[in-house]
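# Report on the structure
Listed below, chain by chain, are the residues.
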Amino acid sequence: MKLKILPPTLRNDKRYISFEAISEVPLCKEDVIPLVWEASLNFHGECKTSKFDLWVMRVWSSKSSDERNIIKGILQCNRSEVSSVRAAILLVNKFKGKRVVFHTIGISGTIKAGIKKFIKLEK
Amino acid sequence: MFFDFHVHNSQLAEEAKRLGYNGIALIQSSRNYNKPDDINPQDDFSIWTGVEIYAKNPDDLRKKVQKFRERSDVVIVNGGDIKINRAACEDPRVDILAHPYKNRRDSGINHVLAKEASQNNVAIELSINPMIKTRLSLRAKILSQFRQILKLQRKFKFPLIITSNAYSLYDLRTPEDIIAFAGCLEMTHDEIISSLSKNPADIIKRSRIRKNVIVQGARTIEQGD
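These remarks concern the structure in this document. Quick caveat, the model's predicted, so the values are computed rather than measured.

Calculation criteria
Residues numbered from 1 in each chain as written. Chains lettered and ligands numbered in written order. Predicted model: local features only at pLDDT ≥ 70, side-chain atom pairs only at ≥ 80, totals over all residues. Heavy atoms only, no water. Helix = DSSP H or I, 4+ residues; strand = E, 2+ residues; numbered from the N terminus. Rg over C-alpha atoms; globule rule 2.2 N^0.38 Å. Contact = heavy atoms within 4.5 Å. Buried area = accessible area lost by both parts, 1.4 Å probe. Salt bridge = Lys/Arg side-chain N within 4 Å of Asp/Glu carboxyl O. Polar contact = N/O pair within 3.5 Å; in protein donor to acceptor, adjacent residues only side chain to side chain. Buried < 20%, exposed > 50% of the residue type's maximum accessible area, 1.4 Å probe, protein only. Core = buried A, V, L, I, M, F, W, Y, C linked by side-chain atoms within 4.5 Å. 1 Å grid on protein atoms, 1.4 Å probe; cavity = no way out; pocket = protein on both sides within 12 Å on 5 of 7 lines; lining within 4 Å. Points joined across faces, edges and corners; volume = space filled by probe spheres on them. Arc of directions from axis to C-beta. Pairing = 2+ DSSP bridges. Axes fitted to C-alpha atoms, helices over the stretch in contact; angles between N-to-C directions. Right-handed = clockwise from strand over helix to strand, strands pointing away.

### Some words on the overall build of chain A
Scanning chain A from terminus to terminus reveals three helices and five strands. Ordered by position in the sequence, the α and β elements of chain A form the string β-α-β-β-α-β-β-α. Here the C-alpha atoms of chain A give a radius of gyration of 15 Å, agreeing with the 14 Å that 2.2 N^0.38 yields for 123 residues. Taken along its principal axes, the extent of the C-alpha atoms in chain A is 50 × 40 × 30 Å.

Spelled out as structure tokens, the structure:
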């Protein structure tokens, strides 16, 4: 049987970090998840990472050239731990031996606002 | 206004501007220095030139500082050796002492050097690059060295500067991300803002009036100053 959904007052407060990743090889959502988790576990440790409620919501591929692949995405985290998560993803620098960099584009309270303000999907 | 005073590649200016910086200093090594001429001045983005001095000993350092001071806006000394660290902190012509903790177990700065750096306005650099490039125990060691420098900075009030030491676009980070990262080092918001904004601006201000300085504390004033 499925658990009953918590009332809004008892749910954790969330924030959505819109990010952009530039890499030498194309990345997908399955690559981003371990990158973010590993960076956070290495920098903050297991105990502190457990407070973050990290979740990679969605990833969109953006402009790409031969040497530069850009993706944009949204990361869910706990409202009080936004700066710790930002600090962790700042330290991502390698994926399978190739260089990669994560930049935070902005913070929003909803996914919809994040997409509208920061991801700016091309129609 | 955010500045990054340790960028090695002129092609990074565009990327730095996109990430939210208001100016960068393009740093060349003293080993193969030639004044860059492909700098395009922009309205809302400043590019300064600088030199990173690699010295064998304090005498060599003084000679090189003398040689490069007039030619560049920012003079950075590559630290690590304790004698070089000391000579750099004692020289008011030096703007920044870069990574004094390099290849050391301690932070490379003690109370004597901290006092000298404070008197001579030599900024001590905390570089993001070694943090990005290292992992686990080595990164923890560098973080501990950063904390030692911060502890001395709070007592002796020497200028602190946070830079990227970037060679490629994969080394650059946004100023907001750096603020979040520095917050994890228990730096206060004011300390972070002065390291990214006020202290670099002061270096440029001093560099502009330096040619008018006759002796320490006295300078010629031009009409309209």
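### Quick look at the interface of chain A and chain B
Contacts between the two partners involve 24 residues from chain A and, on the opposite side, 23 residues from chain B. Roughly 1900 Å² of surface becomes buried between chain A and chain B when both sides are summed, with 58% attributable to carbon and sulfur atoms. The largest contributions to the chain A side of the interface with chain B come from A:L90, A:L91 and A:H103, which together make up 29% of the buried area. The tally of links from chain A across to chain B stands at three salt bridges. Residues A:R86 and B:D177 are paired through a salt bridge, measuring 3.0 Å at the closest nitrogen-oxygen approach. One can count seven residue pairs in polar contact (both at pLDDT 80 or more) joining chain A with chain B.

### Focus: the pattern of salt bridges
Charged atoms that come close allow side chains of opposite charge to pair. The final tally for this structure, using the stated rule, is 19 salt bridges over all chains. One salt bridge in this structure joins A:E20 and B:R18, with 2.9 Å as the shortest N-O distance. Here A:E20 is found in strand β1 (residues 14–23), whereas its partner B:R18 is found in helix α1 (residues 12–19) on a different chain. By relative accessible area, which is 8% here, A:E20 ends up buried. Taking relative accessible area as the criterion, B:R18 reaches 45% and is therefore assigned partly exposed. One salt bridge connects B:D171 with B:K133, and the closest N-O pair in it is separated by 3.5 Å.

### Description of the nonpolar core
Counting residues in hydrophobic clusters, the biggest one holds 66 residues, and the most contacted among them are B:I24, B:L97, B:I109, B:I124, B:F158, B:L160 and B:F181. Of all hydrophobic cores here, the second largest spans 21 residues; its members include A:F19, A:A21, A:L27 and A:V85.

### Side note on empty space enclosed by the protein
Residues and elements named next belong to chain B. The full count for this structure, using the stated rule, is one cavity of 30 Å³ or more. As a volume, the largest cavity reaches approximately 30 Å³. With three residues, the single largest contributor to the lining of the largest cavity is helix α7 (residues 175–184).

### Here we look at helix α3 (residues 111–119) of chain A
Residue and element names in this part refer to chain A. Along α3, the residues classified as buried are G114, F118 and I119. Seen along its axis, α3 keeps its buried residues to an arc of 75 degrees; they face one direction. Looking at α3, the residues exposed on the side facing more than 90 degrees away from the buried face are K112, K116 and K117. Elements that come into contact with the buried residues of α3 comprise β1, β2 (55–64), β3 (69–78) and β5 (98–108).

### A short note on the sheet that holds strand β3 (residues 46–53) of chain B
Residues and elements named next belong to chain B. With parallel pairing, seven strands are arranged side by side in an open sheet as β1-β2-β3-β4-β5-β6-β7. Strands with a single pairing partner mark the edges of an open sheet, and in this sheet they are β1 (3–7) and β7 (160–163). The mean inter-strand angle of the sheet, taken between neighbouring strand axes irrespective of direction, is 30 degrees. With three bridges joining them, β1 and strand β2 (residues 23–29) adopt parallel strand pairing. Residue pairing across strands places V7 opposite L26, the latter belonging to β2.

### What to know about the layout of surface pockets
All names here are of chain B. The space that makes up the largest pocket amounts to roughly 530 Å³. For the largest pocket, the lining is made up of 19 residues, of which P92, R93, R210, V213 and Q216 are closest to its centre. Counting only elements with at least two residues in the lining of the largest pocket, the list comes to α2 (58–69), α4 (111–120), α8 (189–209), β8 (213–215) and β9 (218–219).

### Considering the pairing of β3(B)
All names here are of chain B. Of all eight residues that make up β3, seven are buried, and the element is covered over most of its length. Pairing of β2 with β3 involves seven bridges; the strand directions are parallel. Its bridge partner being in β3, S29 is matched across the sheet by E52. The pairing of β3 with strand β4 (residues 74–78) spans four bridges and is parallel. Its bridge partner lying in β4, E52 is registered against I76. Handedness of the β3-α2-β4 crossover: right-handed.

### Points about the side chain of B:Q145
Mapped onto the elements of the fold, B:Q145 is located in helix α6 (residues 136–156). With sequence-adjacent residues up to four places away left out, B:Q145 is seen in contact with B:Y101, B:R104, B:R105, B:D106 and B:S107.

### Quick word on the sheet that holds β3(A)
All names here are of chain A. Taken in spatial order, the five strands make up an open sheet running β2-β3-β1-β5-β4, and their pairing is antiparallel. The sheet is open, and its two edges are formed by β2 and β4 (94–95), each paired on a single side. For β1 and β3, the ladder comprises 10 bridges, and the chain directions are antiparallel. When the bridges of β3 are listed, Y16 appears paired with Q76. Strand contacts of α3: β1, β2, β3 and β5, with the helix running at about 145 degrees to β3, the strand carrying the most contacts.

The quantities given are spatial measurements derived from coordinates; they are silent on function.
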